[in-house]
Amino acid sequence: MAEDRVFDWNDVIENDSGEFTLLPDGNYPFTVISFERGEYAGGLKLPPCKKAVLTIEVDGGALGKVTLTHNLFLHSRCEGLLCAFFLAIGLRKHGERLAMPWNQVAGRRGMCEVGKYQWEGRNKQKMESNQITRFLDPDE
């Protein structure tokens, strides 16, 4: 994977981004690449709250690896999703109370369910990309 960096005005560019891998729906192993603290401005379902912005590499085997950004919202309505994430990466057991150890998530591995997200592009064309639909219990 290429190194993420900020370009300067006179930097040289060369890598086209026209093609990417779209994995079929299914269960895949993943690795947490990084974690950043963010803020969610609020919307219809959740009020403003903190969010974890995760960069996750999903291993599609022969199809290749896909890097996804996944947000976890730090709100009581999303507590089950937070618990599932920490369970999937082995930092929590079922029923365990846990102070979320965000400093330990980078490099952790687990399994997730990947689906497709569809939207309409700028020219009204239908677009789709992968998204993590849930994190899987290691016992599944």
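Scroll up for the structure.
> Go over the pairing of strand S3 (residues 65–73) with me, naming the residues and quoting the values.
Burial along S3 is one-sided: the face carrying Val66, Leu68, His70 and Leu72 is buried and the face carrying Lys65, Thr67, Thr69, Asn71 and Phe73 is not. Bridge count for strand S2 (residues 49–59) against S3 is nine bridges, and the pairing is antiparallel. When the sheet's bridge partners are listed, Leu54 is paired in S3 with His70. Counted along the chain from S2 to the antiparallel partner S3, the turn is five residues long, and its residue Gly61 has a positive phi close to 65°.

> Residue-level account of the layout of surface pockets, with values.
Its boundaries defined by the atoms lining it, the largest pocket holds a volume of some 610 Å³. In terms of lining, the largest pocket is formed by 20 residues, of which the most central are His70, Asn71, Phe73, Leu81 and Ile132. Among the elements of the structure, S3, helix H1 (79–88) and strand S5 (126–135) are those that each provide at least two residues to the lining of the largest pocket. The residue makeup of the lining of the largest pocket, split by class, is twelve nonpolar, six polar and two charged.

> Before we move on, could you go through the state of the cysteines and cite the residues and values that matter?
Simply put, disulfide is the name for a covalent bond between the sulfur atoms of two cysteines. All chains considered together, the criterion is met by zero disulfides. Just so you know, Cys78 is unpaired, no disulfide at all, and the nearest cysteine sulfur is the one on Cys49, 6.7 Å from it. A relative accessible area of 10% places Cys78 in the buried class.

> An account of the pattern of salt bridges is needed here, citing residue identities and associated values.
Applying the stated criterion across every chain yields a total of five salt bridges. In this structure, Lys116 engages Asp25 in a salt bridge whose closest nitrogen and oxygen atoms are separated by 3.7 Å. You can see Lys116 sitting in strand S4 (residues 109–120) and its partner Asp25 sitting in the segment before strand S1 (26–40), a full 91 residues away along the chain. Using a relative accessible area of 34% as the deciding quantity, one classes Lys116 as partly exposed. With relative accessibility at 54%, the residue Asp25 sits in the exposed group.

> Before we move on, can you summarise the side chain of Lys51 with the specific residues and values?
With respect to the helices and strands, the residue Lys51 is situated in strand S2. Lacking a salt bridge, the buried Lys51 has Glu36 as its closest oppositely charged neighbour, with an N-O distance of 9.3 Å. Setting aside chain neighbours within four positions, we find Lys51 in contact with Glu36, Arg37, Gly38, Glu39, Tyr40, Asn71, Leu72, Phe73 and Leu74.

> Describe in detail the environment of Phe7, supporting the description with residues and values.
Mapped onto the fold, Phe7 is located in the segment before S1. Taking the C-alpha atoms as reference, Phe7 lies 33 Å from Pro24; in sequence the two are 17 residues apart. Apart from the residues lying within four places of it in its own chain, the contact partners of Phe7 are Val12 and Ile13.

Conventions used here
- Residues numbered from 1 in each chain as written.
- Predicted model: local features only at pLDDT ≥ 70, side-chain atom pairs only at ≥ 80, totals over all residues.
- Heavy atoms only, no water.
- Buried < 20%, exposed > 50% of the residue type's maximum accessible area, 1.4 Å probe, protein only.
- Helix = DSSP H or I, 4+ residues; strand = E, 2+ residues; numbered from the N terminus.
- Pairing = 2+ DSSP bridges.
- 1 Å grid on protein atoms, 1.4 Å probe; cavity = no way out; pocket = protein on both sides within 12 Å on 5 of 7 lines; lining within 4 Å.
- Points joined across faces, edges and corners; volume = space filled by probe spheres on them.
- Nonpolar A, V, L, I, M, F, W, Y, C, P; charged D, E, K, R; others polar.
- Disulfide = S-S within 2.5 Å.
- Salt bridge = Lys/Arg side-chain N within 4 Å of Asp/Glu carboxyl O.
- Lys, Arg positive; Asp, Glu negative; His and termini not counted.
- Contact = heavy atoms within 4.5 Å.

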